[in-house]
Amino acid sequence: MPSSHYQTQKKQTLDSFLAFANGGKHPKWPQEIFLDITRTCNLKCIMCRTYSAGTKHIPKKMRSFVSPDAFESSLKSLLPYALMVHPYVFGEPTTHPQLRSYVDWLSRYEVLIHFVTNGMKLDASFCDFLVARSVFAVTVSFSGVTSTDYEQIYVGAKFNQVLEGISRLTKAKQRQHSPYPLVFINSIAFRSHLDKLVEFVELMAGYGVNKIFLTSLAGFRGFPQLNEKITVFRPWREGQILDAAKKRAFELGVELDTTQFERSKVENENEVSKVHQAMILPPPIDEKDDLPSTSKFTPPCCEPYVTLFCLRDLEVKPCCLTVPSVSFGNLKAQSAESIWNSPRWKTLSRNILTDAPRSICNNCFGISCRPFNHRLKEKYRYYSEWFRYRFGIPFYPEIKPLVDTVPDNQSIAESHKVSSHFTHKLSKISGFPKHLFFVLWNKKAQDWITVIMLHITSPKEAPPWLTKFKPNNQGDRNVRGHS
Ligand code: SF4
Ligand code: SF4
C-alpha cells in the first residue's frame, strides 16, 4: 500500500469549511477544482447549449485544447488541499490528446478525479489506465433504451459503441479487483425517455453502472423541436414512474437519484405550462441585464466557498454559470490560491451568499440545475471510502459527526448575513470604539462572572462566534445558538 502525503491538508480543508459553515471566516481552500481543458466535442447533442445545431455560443476559434502546463504552476499550492478535481467544463475531455497526462498529474495530489464524457472513446487501454490510476468516477451522458431513442438525442454517437465502452470499464475494474472508477450515468428526462425509465434502469444495471442521475431537460428559446420534449414532475404521473424505477433500481443494486428532476414538481395540471416555460432558458445574458433586486435564490448559493473554476483562457470563477464578462482573477497574473484568498473573491462570495442574485449570477436565475447544497457530507463519504481503498487506512473518522451535522446553505447564509449586518452597522457608527468590554451579571450566583472583548472594525474581522447572533422575527437583536 502506498502512503498518503496529503491527508493532513485534506483534513484542514474540511475543518476550514466546517468553521465557515458554523459562522466563521471564508474557507482557506476550495474543496473542488474544475479545469476547462478543452472546448471541443465529437458530437452535436440536441440539448447541448455549446455544440447543438440549434446554438452557436462557442466560436470555432475557441475550440482548442489547454495543456496541463498552463495550469500546473498556478495550482500547485491548492491541489494538496483539494478533495476533488474535474478535468472538464464545457467540452468532451476524452478528445483531449493529453487527458492521460492530466490524470497522471492530478493523481499525485491524492484528489478524487472525476469527469463527464459522452462515452464514445472508452477503449480498452483507456479503461485499464483509468482503473490503474484509481480515478474516482466517470459520468457518462446517456438517455434512451434503444439505438433509435439514443441516437436522435446524442447526434453523432453510437448506442452500441457507448454501451461497449461502459462494459469495458466494468470489466477492467473486475480484472484489477478495483471498485474505481465508479460509473455514473447522467440521464436527461426527455418525455419519451422518462416513460421507459424502468427499462433504462435494467439496461444500465446490466452494464455494471453504480448510479444514475435523472436531470431535467433545459430547453432554449427559439428551439421548439427541443422544447416540446421537456417534461415536468407531476407526482400523479411521473411520480408513479419514478417509484417503479426506484424499486427496480433497489432490487438491482443501482442507485437512482431523481432529486434534480423532482425540482420541476407541479401541484396540478394548471401549473404545468408555467413550469415548462421556466425550463426554457434565454440565451446567455450579461451583467448589464440585471435582474430585479427583489429576486432571490432559494436556497442561497455556497459555490464560491466550495469550488474554483479555471477556464480555458485562465480566467477564474466560482462556477460555469456566472456571466461571461466577469472574472475573479486570471492565472496568467496570479496563483489560484491568491485569487481564492483575494478581497475581490471574498466580497463577491459574501454578496452571492447573502444578497443573491447578483448581476454576475444572472444566467443562473431560474435554472434549477445549480447545486442547492454544498455537498460536504457526500464528498467526505466519497473521499474517505476512496482514501481507505487507496491507502488502506481510515480518513479521520472522528470528524464524521461534525460533517453529518454541518448546516445547509440556507442556515449558512442566515448566520453570515446577520454577522455582516450586525458588525457592519456597529463599525459604521462614527467614533464607535474598536474594542468593547462586557461585564455580565450572574443573577443566580449574584456575582460578576465574565468579561468579553469585541474587536470590531469590519464584518470580515468579526470573531466566528459572533455570527451566532441572529435577529428574531420582530427584527430585534437576539442571541441564540446556531442550530
Ligand atoms: S457530448 Fe456533451 S459537450 Fe458534446 S455535444 Fe453532447 S452534451 Fe455537448
Ligand atoms: S448563484 Fe449560480 S452563477 Fe452565482 S455563483 Fe452560484 S451557481 Fe454560480
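Here's a quick rundown of the structure.

## Regarding the site of ligand 1
Phase 1 of the analysis: Around ligand 1, the neighbouring residues are Cys41, Leu43, Lys44, Cys45, Cys48, Thr50, Tyr51, Gly91, Glu92, Asn118 and Ser141.
Phase 2 of the analysis: When the residues that make up the shell around ligand 1 are grouped by side-chain class, the tally is five nonpolar, four polar and two charged.

## Some points on the packing of helix α4 (residues 124-132) against helix α6 (residues 159-175)
Phase 1 of the analysis: Between α4 and α6, whose axes approach to 9 Å, the crossing angle comes to 45°. In terms of orientation, α4 and α6 fall into the oblique class. Judged by the twist between their axes, the crossing of α4 over α6 is right-handed. The segment α4 lies against α6, with Ala124, Cys127, Asp128, Leu130 and Val131 engaging Arg168, Leu169, Ala172 and Lys173.
Phase 2 of the analysis: A per-class count over the contact of α4 with α6 returns six nonpolar, no polar and three charged.

## A few points about the nonpolar core
Phase 1 of the analysis: Residues Ala82, Val111 and Cys310 are the most contacted members of the largest nonpolar core, which totals 113 residues.
Phase 2 of the analysis: If sequence neighbours within four positions are ignored, cysteine 310 has contacts with Ile33, Phe34, Leu35, Asp36, Phe71, Val316, Leu331 and Ala336.

## Side note on the environment of isoleucine 153
Phase 1 of the analysis: Tracing the backbone through its elements, the reader meets isoleucine 153 in the loop between α5 (147-151) and α6.
Phase 2 of the analysis: The class of isoleucine 153 is buried, set by 23 C-beta atoms lying within 10 Å.
Phase 3 of the analysis: With 109 residues separating them in the primary sequence, isoleucine 153 and lysine 44 have C-alpha atoms 8.8 Å apart.
Phase 4 of the analysis: Other than its neighbours up to four places away in sequence, isoleucine 153 contacts Cys45, Ile46, Ser143, Gly144 and Phe190.

## A word on the site of ligand 2
Phase 1 of the analysis: Around ligand 2 sit 13 residues, and of these Cys301, Cys319, Leu321, Cys361 and Cys364 come closest.
Phase 2 of the analysis: Its residues assigned to classes, the shell around ligand 2 shows 10 nonpolar, one polar and two charged.

## Comments concerning helix α8 (residues 197-206)
Phase 1 of the analysis: Leu197, Phe200, Val201 and Met204 are the residues of α8 that are buried. Across the axial projection of α8, the buried residues extend over an arc of 100°, all falling on one side.
Phase 2 of the analysis: The elements touched by buried residues of α8 are β5 (182-188), α7 (191-195), β6 (211-215), α10 (238-252) and β8 (255-257).
Phase 3 of the analysis: Phi turns positive one or two residues past the end of α8, at glycine 208, with a value near 80°.

## Considerations on α6
Phase 1 of the analysis: With 17 residues, α6 extends 25 Å from end C-alpha to end C-alpha; this agrees with the ideal 24 Å at 1.5 Å per step.
Phase 2 of the analysis: For α6, the full list of buried residues reads Val162, Leu163, Gly165, Ile166, Leu169, Ala172 and Lys173.
Phase 3 of the analysis: Summarising the contacts, the buried residues of α6 are in contact with α4, β4 (137-141) and β5.
Phase 4 of the analysis: In the stretch just after α6, histidine 177 is the one whose phi turns positive, near 50°.

So, how was this worked out
Residues numbered from 1 in each chain as written. Chains lettered and ligands numbered in written order. Predicted model: local features only at pLDDT ≥ 70, side-chain atom pairs only at ≥ 80, totals over all residues. Near = placed C-beta within 6 Å. Nonpolar A, V, L, I, M, F, W, Y, C, P; charged D, E, K, R; others polar. Axes fitted to C-alpha atoms, helices over the stretch in contact; angles between N-to-C directions. Helix = DSSP H or I, 4+ residues; strand = E, 2+ residues; numbered from the N terminus. Parallel < 35°, antiparallel > 145°, perpendicular 65-115°, else oblique. Left-handed = near helix turned anticlockwise from the far one by under 90°. Contact = placed C-beta atoms within 7 Å. Core = buried A, V, L, I, M, F, W, Y, C linked by C-beta atoms within 7 Å. Buried ≥ 20, exposed ≤ 12 C-beta atoms within 10 Å, placed from the backbone. Arc of directions from axis to C-beta. Expected span 1.5 Å × (residues − 1).

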